[in-house]
Amino acid sequence: MGWIKTLSINTLLILGSLLIGLLFLELILFFTPYRNQILPQLEPWNYSVFNAERGYDIMPNYATSTFRFADGKLDVSSNSFGCFDAEFDGKEPYIYATGDSFTWGFAPLQDKWGKIVEREVGVRVLNCGVNGYGTRQELLKTEEVLEHLSTSSLIIVGYLAANDIEDDARFPNYTIGWGGQRVPNTSSTPEPASFSFIKKAKTVLSTQSVVYVLLRDKIYLPIRQSFVKKEPSPESVVTELPTVHQESIQAWKAFADEKGVQLLFVIIPSKEEVLGVHENAAKNTYTLLAELGIPYIDLLSEFQTYDASKIYWNHDGHWNIEGNHLAGELISSYIKEHALINHEE
């Protein structure tokens, strides 16, 4: 029986050594830049809350906290409208800016393109973009926010066709899981996602442990996928906008007309479009915007005159500070040239 005791002790020693080694590796990687590149982007805990209509929204009056992404970390917060901006009472003329992550964050608030427009045009800009929103969700949030404010001088819609078309097709695209983390929504009537103890543990590990993510992505998932036979999917060519997305843009026009407010679509190019890796996802949107009489500025051609590495983050696909400044300056010039703001009002 002595060999059993010896085997048990040796096994425990090996497992203990492995555990200590993994913890030591975790500690080293945790305090290096690789942490942000390996772990997924992570909003502060409970920064997002469940919304029965839109799937989720930013929690109102969220105190300043840290948002982590591949290229670093930034401070984020929210006002009483659930917008990443300072508090606003609506008593002064303002421009309302909406959109997805390109409008919401990935740069300090004072360097966001909306704040560049604010300084260039001389009119307060209320930044109400939400990370992950599609065109329909943006309209629904705008309707909700503007119920509590006077009519804005101008509404700017940050339009990322590369995502917005699909987001509308999957509306609402996300719901809220444990800790306020966004998870894919699978129902037309979203419900908060329930998390078992094991799923909660996996959530913590996948957002906090570099070693866990490396082992999962580099070893476990490739082995698992090697046993799954995947049939090649036929390539599909989108020749026209899906009806549900057309209806979202038409609803934007109807809302602006009803409010008597000027509308401007800013067509945002993805990093892949600027590099020429992907085709222009907004090519089927131009005709609809023109038919509806919605003014728009397409930033793609101007952005393609710049080195993408200078205006987008290195690892993340969003605009960096320089990219936000460039976008803000181009949008400001368009607003001034087309007299979209009546300063006398």
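Draft legend 1. Here's a closer look at unusual backbone geometry. Here the bond from Phe171 into Pro172 is cis, since omega is -15°, no more than 30 degrees from zero. By the secondary structure assignment, Pro172 is in the loop between helix H6 (161-169) and strand E8 (174-176). Within the chain, Phe106 stands out as a residue other than glycine whose phi angle is a positive 65°. Within the element layout of this structure, Phe106 appears in the loop between helix H3 (101-104) and helix H4 (113-122).

Draft legend 2. Representation of the side chain of Ser248 within the structure. Relative to the helices and strands, Ser248 is located in helix H9 (residues 243-259). Sequence-distant contacts of Ser248, defined by excluding residues within four places in its chain, comprise Thr135, Arg136, Leu139 and Asp168.

Draft legend 3. Highlighting the nonpolar core. Core analysis: the biggest nonpolar cluster contains 31 residues, and Ile156, Leu264, Phe303, Trp319 and Ile335 have the highest contact counts within it. Those elements that provide at least two residues to this core are strand E5 (94-98), H4, strand E7 (154-159), strand E10 (262-267), helix H12 (300-303), helix H13 (308-311) and helix H14 (321-337). The element contributing the most residues to this core is H14, with six residues. Residues in contact with Leu264, not counting those within four places in the same chain, are Leu154, Ile155, Ile156, Val157, Pro295, Tyr296, Ile297, Ile331, Tyr334, Ile335 and Leu340.

Draft legend 4. Molecular detail of the sheet that holds strand E11 (residues 296-298). Pairing in this open sheet of five strands is parallel, and the strands run E6-E5-E7-E10-E11 from one edge to the other. With one partner strand each, in any of the chains shown, strand E6 (124-127) and E11 form the two edges of the open sheet. The sheet shows a mean angle of 20° between the axes of neighbouring strands, direction not considered. Sheet analysis places E5 next to E7, joined by four bridges and oriented parallel. When the bridges of E7 are listed, Ile95 appears paired with Leu154. Its contacts with the sheet put H4 on E5, E6 and E7, and the angle it makes with E6 is roughly 170°.

Draft legend 5. Looking closely at H6. All of the buried residues along H6 are Ala161, Asp164, Ile165, Asp167 and Asp168. The buried residues of H6 occupy an angular sector of 165° when the element is viewed end-on, so they sit on one face.

Draft legend 6. Structural context of the side chain of Lys112. As for its position among the elements, Lys112 is in the loop between H3 and H4. This buried residue, Lys112, is left without a salt bridge; Asp100 holds the nearest opposite charge, at 8.2 Å. Within the local environment of Lys112, its side chain forms a polar contact with the backbone oxygen of Phe102, the two atoms lying 2.8 Å apart. Contacts of Lys112, omitting those with residues within four sequence positions, involve Ser101, Phe102, Thr103, Trp104, Gly105, Ala107 and Asn324.

Draft legend 7. Just the environment of Gly328, in detail. Within the secondary structure, Gly328 is located in helix H14. Relative accessible area serves as the criterion here: at 0%, Gly328 is assigned to the buried category. The spacing of Gly328 and Glu120 is 208 residues in sequence and 8.2 Å in space, taken between C-alpha atoms.

Draft legend 8. Quick look at the confidence of the model for the protein chain. Overall, the predicted model of the protein chain reaches an average pLDDT of 86, with 86% of residues at or above 70. Every residue in residues 233-237 is under pLDDT 50, and counting partners more than four places away or in other chains gives zero contacts.

Draft legend 9. How the structure looks around the pairing of strand E3 (residues 65-69). Note: E3 against strand E4 (residues 72-76), five bridges, orientation antiparallel. From the neighbouring strand, Phe69 faces E4, where its bridge partner is Gly72. Between E3 and the antiparallel strand that follows it, E4, lie two residues.

Draft legend 10. Inspection of the packing of aromatic side chains at higher detail. All told, the structure shown has 19 aromatic pairs when counted by the stated rule. Each ring, one from Phe102 and one from Trp319, has its centre 5.1 Å from the other, and the planes form 80°; the classification is edge-to-face. Linking Phe102 in helix H3 with Trp319 in the loop between H13 and H14, this pair joins segments that are 217 residues apart in sequence. Overall, the relative accessible area of 4% leaves Phe102 in the buried class.

Draft legend 11. Inspection of a nonpolar patch on the surface at higher detail. Among the surface-exposed residues, Leu215, Ile219, Ile223 and Phe227 lie close enough to one another that they form a single nonpolar patch of about 430 Å² accessible area. Relative to the assigned elements, Ile219 resides in helix H8 (residues 210-226). For Ile219, a relative accessible area of 44% gives the class partly exposed.

Draft legend 12. Representation of the pattern of salt bridges. For the structure shown, the criterion picks out 13 salt bridges. Two residues, Lys115 and Asp85, come together in a salt bridge whose shortest N-O distance is 2.9 Å. In this pair, Lys115 sits in helix H4 while Asp85 sits in the loop between E4 and E5, placing the two residues 30 residues apart along the sequence. The two residues Lys115 and Asp85 agree in class, both being buried.

Draft legend 13. Structural context of the pairing of E5. Among the five residues of E5, five are classified as buried, and the element is accordingly described as predominantly covered. Judged by which residues are buried, E5 turns out to be covered on both faces: Tyr94, Tyr96 and Thr98 on one side and Ile95 and Ala97 on the other are all buried. Across four bridges, E5 lies against E6 in parallel orientation. Bridging across to E6, Tyr96 finds its partner in Leu126.

Rules and cut-offs
Residues numbered from 1 in each chain as written. Predicted model: local features only at pLDDT ≥ 70, side-chain atom pairs only at ≥ 80, totals over all residues. Heavy atoms only, no water. Helix = DSSP H or I, 4+ residues; strand = E, 2+ residues; numbered from the N terminus. Contact = heavy atoms within 4.5 Å. Core = buried A, V, L, I, M, F, W, Y, C linked by side-chain atoms within 4.5 Å. Buried < 20%, exposed > 50% of the residue type's maximum accessible area, 1.4 Å probe, protein only. Pairing = 2+ DSSP bridges. Axes fitted to C-alpha atoms, helices over the stretch in contact; angles between N-to-C directions. Arc of directions from axis to C-beta. Lys, Arg positive; Asp, Glu negative; His and termini not counted. Salt bridge = Lys/Arg side-chain N within 4 Å of Asp/Glu carboxyl O. Polar contact = N/O pair within 3.5 Å; in protein donor to acceptor, adjacent residues only side chain to side chain. pLDDT = per-residue confidence, 0-100. Phe/Tyr/Trp six-rings, centres within 6.5 Å; stacked < 30°, edge-to-face > 60°. Patch = residues over 30% accessible without salt bridge, like charges linked within 9 Å, V, L, I, M, F, W, Y side chains within 5 Å. Areas by Shrake-Rupley, 256 points an atom, 1.4 Å probe, with all protein chains shown as cover.

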